[in-house]
Amino acid sequence: MKDICCIGHITLDKIITPKKTTYMNGGTSFYFAYAINQLPQKVSFQLVTSTSEEDACAVKRMQKRGIDAINHISSHTVIFENKYGEDMNNRTQRVLDKAEPFTIEKVKDVDAKVYHLGTLLSDDFPNEVVEYLAGKGKISIDVQGYLREVRNKVVYPIDWKDKLRILQCTDILKVNEHEMEVVSGLKDPREAAKRLASWGVREVIITLGSYGSLIYAGDKFYEIPAYTPKQVVDATGCGDTYSAGYLYTRALGADYEEAGRFAAAMCTLKLEHHGAFERTIEDVYKIIK
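Given the structure is predicted, the values throughout are model-derived calculations rather than measurements.

Moving on, we come to the side chain of Q46. Residue placement: Q46 occurs in strand β4 (residues 45-52). Side-chain polar atoms of Q46 contact the side chain of D68, separated by 3.4 Å. Not counting residues up to four positions away in its chain, the partners in contact with Q46 are K2, I4, C5, C6, D68, I70 and V110.

This next bit is on the packing of aromatic side chains. Tallied over the full model, the rule gives 9 aromatic pairs. Between the aromatic rings of Y146 and W160, the centroid separation amounts to 4.1 Å while the plane-to-plane angle is 15°, which identifies the pairing as stacked. On the criterion of sequence distance, the pair formed by Y146 in the loop between β9 (138-142) and β10 (148-151) and W160 in the loop between β11 (154-157) and α5 (163-167) is long-range, its members being 14 residues apart. This pair shows no difference in class: Y146 is buried, exactly as W160 is. When the centroid spacing of 5.6 Å and the interplanar angle of 65° are considered together, the rings of F262 and Y285 count as edge-to-face. Of this pair, F262 sits in helix α9 (residues 256-271) while Y285 sits in helix α10 (residues 281-288), placing them 23 residues apart in sequence.

To continue, consider the packing of helix α6 (residues 177-184) against helix α7 (residues 189-198). Contact geometry of α6 with α7 gives a least axis separation of 10 Å together with a crossing angle of 50°. In terms of orientation, α6 lies oblique with respect to α7. When the axes of α6 and α7 are compared, the crossing they make is left-handed. Across the interface between the two elements, M180, V183 and S184 from α6 touch P189, A192, R195 and L196 from α7. A class-by-class count of the residues in the contact of α6 with α7 yields 5 nonpolar, 1 polar and 1 charged.

Calculation rules
Residues numbered from 1 in each chain as written. Predicted model: local features only at pLDDT ≥ 70, side-chain atom pairs only at ≥ 80, totals over all residues. Heavy atoms only, no water. Helix = DSSP H or I, 4+ residues; strand = E, 2+ residues; numbered from the N terminus. Polar contact = N/O pair within 3.5 Å; in protein donor to acceptor, adjacent residues only side chain to side chain. Contact = heavy atoms within 4.5 Å. Phe/Tyr/Trp six-rings, centres within 6.5 Å; stacked < 30°, edge-to-face > 60°. Buried < 20%, exposed > 50% of the residue type's maximum accessible area, 1.4 Å probe, protein only. Axes fitted to C-alpha atoms, helices over the stretch in contact; angles between N-to-C directions. Parallel < 35°, antiparallel > 145°, perpendicular 65-115°, else oblique. Left-handed = near helix turned anticlockwise from the far one by under 90°. Nonpolar A, V, L, I, M, F, W, Y, C, P; charged D, E, K, R; others polar.

So, in structure tokens, the structure goes:
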């Protein structure tokens, strides 16, 4: 049995700017797996993902780095197209291809204490798959994908239709300030956290950008600071890096505040460079100190 299993599609992202078009791998499972792999192997980890045969090389590269990864070959790899104008804050997003949703058959042979579900699109994890996994271990969810629906390749923001059903079997939920408002209907982080907890979530994590993060667990709030990076280079995958750090330290027995600070420090280091997290645990503790 593994301590943590992350399940989610690896993407092939197409980034279009006025100057060039580039392709790179991404997705929650991609950033999460690379981040946790940089930490001492005191926590056993497995990745369950899905790509096309053509793009399976991304998983083979992960395996060469020592990541225990299972790849279910799909007819397509998830392809996100992000198109930016001169103002990088203006982005249009499309999904050019989708992989098949995860099924019970694809996860039935995986055993873990915690299953981290890296959703990219609202139909990645049918309800019965989540409920099946909840019968085997704890469920951790990054909510972002549940709030995205694809229509004619265009991504539209939506509410999470079956949230009350799934949150009942969710132990750990991570949302940012925008996702928090969509899911809970509330703008105040503390009130939103209480509402999410009332729906069944045991540990609510709300990330608030440069304002840090808020953890609500055991009827208590824990305010986690944001550590200032030397420079902001690339925020892609920061939330996934936070989840990796949080679940890693919680698996080692850390309390909520300690785990939150460790996760926040990992985020700071991730912000300082392109690509997945590539620093050491010593670097993380230097940020915290």
